[in-house]
Amino acid sequence: MISSLQALRFIFALFIFASHYPLQDGQPEALIDGSGPMGVSFFLVLSGFVMCLGYADKVKLSTFSWGDFMKKRIIRLWPLHILCLLVWIVAAGVHSTFRLAPLPLLGNFFMLQSWIPMVEAKGNSVAWCLSDLVFFYALFPYLMRLRAKQLMVGVLVYFGVILAVGTSLPMHTSSGFILRDWFFYFNPLPRLIEFCLGILVYHAYCQAETWGHVAWWQRLSARSRTFVELLPVVFYAVVLFLVRYTGTPGVNVYSYYLPSCVMIYIYALAYKSGAPGLVSNGLSRPWLIYLGQVSFSFYMIHYLVILIVNRVFSWVYPDNHWALRLVITLGITTIGSILVNKYFEQPIARLLSRRPKK
């Protein structure tokens, strides 16, 4: 894994955290409104890219097993999902405003919640992304076998179809559920585009030397390389500012296609050239890389920690300042993600990955 991209996993997990952290308990205003979709888009594009780094050649071998591949992916996702879902169910039992609906929760249990247009199917709200990832992983071996041009044309046509279908849906259902927003943001079919874009970025990364991009990067001065590395950061900031003032469903998804691709390609190019700028070097600190490694745990538990800490504060210290809650919540989430990764995720993965003795 490219070290700067590994560290960026944690940075974007923080953006998702900031979008869910309320300045006032029970109020919608967040620490950074709208930064969640930006973080999710980066993760989905990066997932396609990272899958290619690990499996681009393996999926083309005659010995490749789709079943073994999916088993590894599910072992990575499912155990922590179940743990967080159980914590959420306990919290729902304590907090009477949560609704426990058996059938939707069963779909959630099997990571199918993003296919179900019901609020009751959410459970641990952030886990919807797992439903999408399982779908992407299932398709990955077949997508990877397409040529870059075939995939690019397919993505363009598919994007047009998704826009046509999404805009034809009613904005709300009769029960008040925001159907169009669910389709564009949560449903795996539209989000597949970002995963495919990650695969296309990988194809570009493989051609970087042929296209002369590596040589171009190496000719840049250290200051110029740093400047180029900062460009996607500015790009993200501008798009985030514009998207926050646009309420059209889908805009908070496809607006981040290009910034996510640009950021991943630039930092991958810096790595490939062997001449990183100051930003890449800064992101390559061991502690940041480690936090990137536990970013999945951070993502999965952060919303539960926010809910629980806010509830406890409302009982024992209702007049607290949001900054105090922020420090405590972020600290618990970070330490908790490290502990969960070390003492739950890794041991469970080793246990489930063991092959039975013959």
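In case you missed it, the structure is sitting above this.
Fair warning: this is a prediction, and the values are worked out from it, not measured in the lab.

Concerning the state of the cysteines
Next, step 1: Throughout the structure, instances matching the rule amount to 0 disulfides.
Next, step 2: Free cysteine: Cys84, not disulfide-bonded; nearest cysteine sulfur from Cys129 at 13 Å.

Focus on empty space enclosed by the protein
Next, step 1: Evaluated as defined, the whole model comprises 1 cavity of 30 Å³ or more.
Next, step 2: Within this model, the largest cavity holds a volume of roughly 40 Å³.
Next, step 3: For the largest cavity, the full set of lining residues is Phe159, Ile162, Phe184, Pro190, Ile193, Val253, Tyr254 and Tyr257.
Next, step 4: Among the elements of the structure, helix H6 (148-168), helix H8 (188-206) and helix H11 (251-254) are those that each provide at least two residues to the lining of the largest cavity.

Digging into the nonpolar core
Next, step 1: In terms of nonpolar packing, the biggest core is built from 107 residues, with Phe49 and Phe140 touching the most fellow members.
Next, step 2: The element contributing the most residues to this core is helix H2 (residues 35-55), with 12 residues.
Next, step 3: In contact with Phe49, not counting residues within four places along its chain, are Ile2, Leu5, Gly198, Ile199, Val201, Tyr202, Tyr205, Ile264 and Ala268.

Considerations on the layout of surface pockets
Gaps between atoms show up when a probe of the same size as a water molecule is rolled over them.
Next, step 1: Approximately 970 Å³ is the volume found for the second largest pocket.
Next, step 2: Arg9, Arg73, Arg76, Tyr137 and Phe296 are, among the 37 residues lining the second largest pocket, the residues nearest its centre.
Next, step 3: Sorting the residues of the lining of the second largest pocket by element identifies helix H1 (3-20), H2, helix H3 (66-94), helix H5 (128-144), helix H14 (286-293), helix H15 (295-316) and helix H16 (322-353) as the ones contributing at least two each.
Next, step 4: Looking at the lining of the second largest pocket residue by residue, the class counts come to 23 nonpolar, 9 polar and 5 charged.

Rules used in this analysis
- Numbering of residues starts from 1 in every chain and runs along the sequence as written.
- Only residues with pLDDT of at least 70 are given local features in this predicted model, and only at 80 or more are side-chain atom pairs given and counted; all residues enter the totals for whole chains, interfaces and linings.
- Side-chain measures were taken over the full set of non-hydrogen atoms in the model, leaving aside hydrogen atoms and water.
- Criterion for a disulfide: a pair of cysteine sulfur atoms within 2.5 Å.
- A 1.4 Å probe that fits but cannot get out identifies a cavity on a 1 Å grid over protein atoms alone, an open set with protein on both sides within 12 Å along at least five of seven lines counts as a pocket, and a residue lines either if it has an atom within 4 Å of a point.
- Grid points are joined across faces, edges and corners, and a volume is the space filled by probe spheres set on the points.
- A run of H or I in DSSP counts as a helix once it spans at least four residues, and a run of E counts as a strand once it spans at least two, with each numbered from the N terminus.
- The term nonpolar core refers to a set of buried residues drawn from Ala, Val, Leu, Ile, Met, Phe, Trp, Tyr and Cys, joined through side-chain atoms within 4.5 Å.
- Buried, partly exposed and exposed residues are distinguished by accessible area as a fraction of the type maximum, computed with a 1.4 Å probe on protein chains only: under 20%, between the cut-offs, and over 50%, respectively.
- By definition, residues are in contact when any of their heavy atoms lie within 4.5 Å.
- Residues are grouped as follows: Ala, Val, Leu, Ile, Met, Phe, Trp, Tyr, Cys and Pro are nonpolar; Asp, Glu, Lys and Arg are charged; every other residue, Gly included, is polar.

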